[in-house]
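Structural description and commentary
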Amino acid sequence: AQRVTQPEKLLSVFKGAPVELKCNYSYSGSPELFWYVQYSRQRLQLLLRHISRESIKGFTADLNKGETSFHLKKPFAQEEDSAMYYCALSGSSNTGKLIFGQGTTLQVKP
Amino acid sequence: EAGVAQSPRYKIIEKRQSVAFWCNPISGHATLYWYQQILGQGPKLLIQFQNNGVVDDSQLPKDRFSAERLKGVDSTLKIQPAKLEDSAVYLCASSPYPVTEAFFGQGTRLTVV
């Protein structure tokens, strides 16, 4: 079964501290992984996708097929990073259907 | 670029009543999705359209939910009759093609009392 697990509902860090939002997935084929973010009172938007292999707003994520993980990392958290983060998977059926994790709230304290 | 538009933003209805949500995708986007997001959970796909054809409706409770996308542009999602467990945010998203970035609307928050 296709599944995305985000084990932490809430992650609270101080400004300037490193951040790692965990994401594990279950999928038998070659999935495409995404991180979506929802800032307060804004719509859900794409943060990054693994095939781009780029850094967005200082965030990076590496797909680890051996550990079936796609953790989101940032070396120095900023207050404006406070938001809800969702990890999502798209299967190889190429329909674009996204399977989301439950989300992690990142709270960056001053 | 104008984003995905949804209306209404909020709706409160009594159980067993019917309700409809409307979505206008980004111009030119062939793929349209309806997701249901229950409080504390991630969005779950209800139905996906490619132009005006259904690609995936495997998780749509078809005894009470229906959706259409006439002329391959706007879409409506209907619930009839509503149950308490239908309380959720209903998100519409669109993309130019499948597997490209999905752009989300602001959602409709439905409360069934």
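In case you missed it, the structure is sitting above this.
Let me begin by describing the structure that accompanies this report. Remember, it's a predicted structure, so these values are computed and weren't measured experimentally.

Attention now moves to the pattern of salt bridges. What the rule picks out here adds up to 7 salt bridges over all chains. Residues Arg49 of chain A and Glu32 of chain A are paired through a salt bridge, measuring 2.6 Å at the closest nitrogen-oxygen approach. With Arg49 of chain A in strand β6 (residues 45-49) and Glu32 of chain A in strand β5 (residues 32-38), this pair connects stretches of sequence that are 17 residues apart. For the pair formed by Arg49 of chain A and Glu32 of chain A, the shared burial category is buried. Put simply, Asp86 of chain B and Arg64 of chain B hold a salt bridge, and the shortest N to O gap is 2.5 Å. Of this pair, Asp86 of chain B sits in the loop between β8 (75-79) and β9 (88-95) while Arg64 of chain B sits in the loop between β6 (53-56) and β7 (65-68), and the two are 22 residues apart along the sequence.

Turning our attention to the sheet that holds strand β7 (residues 60-61) of chain A. Pairing is antiparallel in the open sheet, where 3 strands are placed in the order β3-β8-β7 (chain A). Strands at the two margins of the open sheet, each flanked by one partner only, are β3 (19-21) and β7 of chain A.

Locating Gln37 of chain B in the fold gives a position in strand β4 (residues 31-37). With relative accessibility at 12%, the residue Gln37 of chain B sits in the buried group.

Glancing now at the interface of chain A and chain B. In this assembly, 16 residues from chain A lie in contact with 23 residues from chain B. When chain A packs against chain B, close to 1600 Å² is buried across both sides, 50% of that on carbon and sulfur atoms. Applying the counting criterion to the chain A and chain B interface returns 1 salt bridge. Between Asp56 of chain B and Lys97 of chain A there is a salt bridge, with the nearest N and O atoms lying 3.7 Å from each other. Our count for the contact surface shared by chain A and chain B stands at 5 residue pairs in polar contact (both at pLDDT 80 or more). At the level of secondary structure, the elements contributing two or more residues to the side of chain A that touches chain B comprise β5 and β6 of chain A.

Take the state of the cysteines next. Under the counting rule described, the total for this entry stands at 2 disulfides over all chains. Note on cysteine connectivity: Cys23 of chain A is disulfide-linked to Cys87 of chain A, with sulfurs 2.0 Å apart. Across the disulfide from Cys23 of chain A to Cys87 of chain A, rotation about the S-S bond amounts to roughly -65°, and the bridge is consequently left-handed. Here the residue Cys23 of chain A occupies a position in the loop between β3 and β4 (24-26), and Cys87 of chain A occupies one in strand β9 (residues 83-90), the gap between them amounting to 64 residues. Cys23 of chain A gets classed as buried once you look at its relative accessible area, which sits at 0%. Residue Cys87 of chain A is classed as buried on the basis of its relative accessible area, which comes to 0%. The disulfide that involves Cys23 of chain B links it to Cys92 of chain B, with 1.9 Å between the sulfurs. Where Cys23 of chain B bonds to Cys92 of chain B through sulfur, the torsion about that S-S bond is close to -70°, and the disulfide is left-handed. Taken as a pair, Cys23 of chain B in strand β3 (residues 19-24) and Cys92 of chain B in strand β9 lie far apart in primary sequence, 69 residues in all.

Cut-offs applied
Residues numbered from 1 in each chain as written. Chains lettered and ligands numbered in written order. Predicted model: local features only at pLDDT ≥ 70, side-chain atom pairs only at ≥ 80, totals over all residues. Heavy atoms only, no water. Salt bridge = Lys/Arg side-chain N within 4 Å of Asp/Glu carboxyl O. Helix = DSSP H or I, 4+ residues; strand = E, 2+ residues; numbered from the N terminus. Buried < 20%, exposed > 50% of the residue type's maximum accessible area, 1.4 Å probe, protein only. Pairing = 2+ DSSP bridges. Contact = heavy atoms within 4.5 Å. Buried area = accessible area lost by both parts, 1.4 Å probe. Polar contact = N/O pair within 3.5 Å; in protein donor to acceptor, adjacent residues only side chain to side chain. Disulfide = S-S within 2.5 Å.

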